[in-house]
Amino acid sequence: MSDEMICVGAISGSYGIVGEARVKSFCADPYDIENYNPLTTQDGTRSFTLALIRPMKNGFVARIAEVETKEQADALKGTQLFARRDQLPTLPTDEFYYSDLTGLAVYDTGGAELGRVKSVQNHGAGDLLEVQLPGQSATVLIPFTQAVVPTVDLDAGRIVADPPEGLF
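Let me sum up the structure you'll find in this document.

About the cut-offs
- Residues numbered from 1 in each chain as written.
- Predicted model: local features only at pLDDT ≥ 70, side-chain atom pairs only at ≥ 80, totals over all residues.
- Heavy atoms only, no water.
- Phe/Tyr/Trp six-rings, centres within 6.5 Å; stacked < 30°, edge-to-face > 60°.
- Helix = DSSP H or I, 4+ residues; strand = E, 2+ residues; numbered from the N terminus.
- 1 Å grid on protein atoms, 1.4 Å probe; cavity = no way out; pocket = protein on both sides within 12 Å on 5 of 7 lines; lining within 4 Å.
- Points joined across faces, edges and corners; volume = space filled by probe spheres on them.
- Nonpolar A, V, L, I, M, F, W, Y, C, P; charged D, E, K, R; others polar.
- Buried < 20%, exposed > 50% of the residue type's maximum accessible area, 1.4 Å probe, protein only.
- Contact = heavy atoms within 4.5 Å.
- Polar contact = N/O pair within 3.5 Å; in protein donor to acceptor, adjacent residues only side chain to side chain.

## Let's talk about the packing of aromatic side chains
Step number 1: Per the counting criterion, the structure on display carries 2 aromatic pairs.
Step number 2: Where Tyr31 meets Phe60, the ring centres are 4.8 Å apart and the plane angle is 65 degrees; that geometry is what we call edge-to-face. Taken together, the positions of Tyr31 in the loop between strand 2 (20-25) and strand 3 (39-40) and Phe60 in strand 6 (residues 59-64) put the pair 29 residues apart, joining distant regions of the chain.

Below is the structure:
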């Protein structure tokens, strides 16, 4: 598990003309992204050492030790930044990393399979589980709240959901 990679942020382009970059943090405390240096690409072929300079709308202005020019920073736009799982803090029992939920089987309270978690999304109003229906490409979004998802059992690889009437 210690070599598992977790996406903690992304480079969203250059900032200014001296090689600084705009960085978006996906950490619960956005400033924590700096604590996980060096960050890598998902495949681990490139690594980056960030120094946050100041906050800005939707992220930070950061200096990346491996980037010296505006053009190099621009070339990294869209690059996701990953930390090793063992670098991240242990979560309380009722909190989960998105990567822990992806792929889990979802069952209703009666035991019928609803599908598998394809992704976890958050568009500002709370987390949503994107559940892919069994044998289909269609997906359904369900709110990831205690009321709708009363049970997450990571050891068993399953989620029990009580979705609103008519959702499935």
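## Overview of the layout of surface pockets
Step number 1: Of the pockets and cavities examined, the largest pocket occupies roughly 1100 Å³.
Step number 2: Around the largest pocket, the lining is made up of 32 residues, and of these Phe26, Phe96, Tyr97, Tyr98 and Asp127 lie nearest the centre.
Step number 3: Looking at the lining of the largest pocket, the elements with two or more residues in it are strand 1 (5-15), helix 2 (98-101), strand 9 (113-122) and strand 12 (151-153).
Step number 4: Taken together, the residues of the lining of the largest pocket sort by class into 19 nonpolar, 8 polar and 5 charged.

## Some remarks on the environment of Glu130
Step number 1: Within the secondary structure, Glu130 sits in strand 10 (residues 127-132).
Step number 2: Residue class for Glu130 comes out buried when judged on its relative accessible area of 13%.
Step number 3: Sequence separation between Glu130 and Gly115 is 15 residues; the distance between their C-alpha atoms is 9.6 Å.
Step number 4: If near-sequence neighbours (up to four positions away) are discounted, Glu130 is found in contact with Arg116, Val117, Lys118, Ser119, Gln121, Thr139, Val140 and Leu141.
Step number 5: A distance of 3.1 Å separates polar atoms of two side chains, one belonging to Glu130 and the other to Thr139.

No statement about biological role is implied by the geometric values presented.
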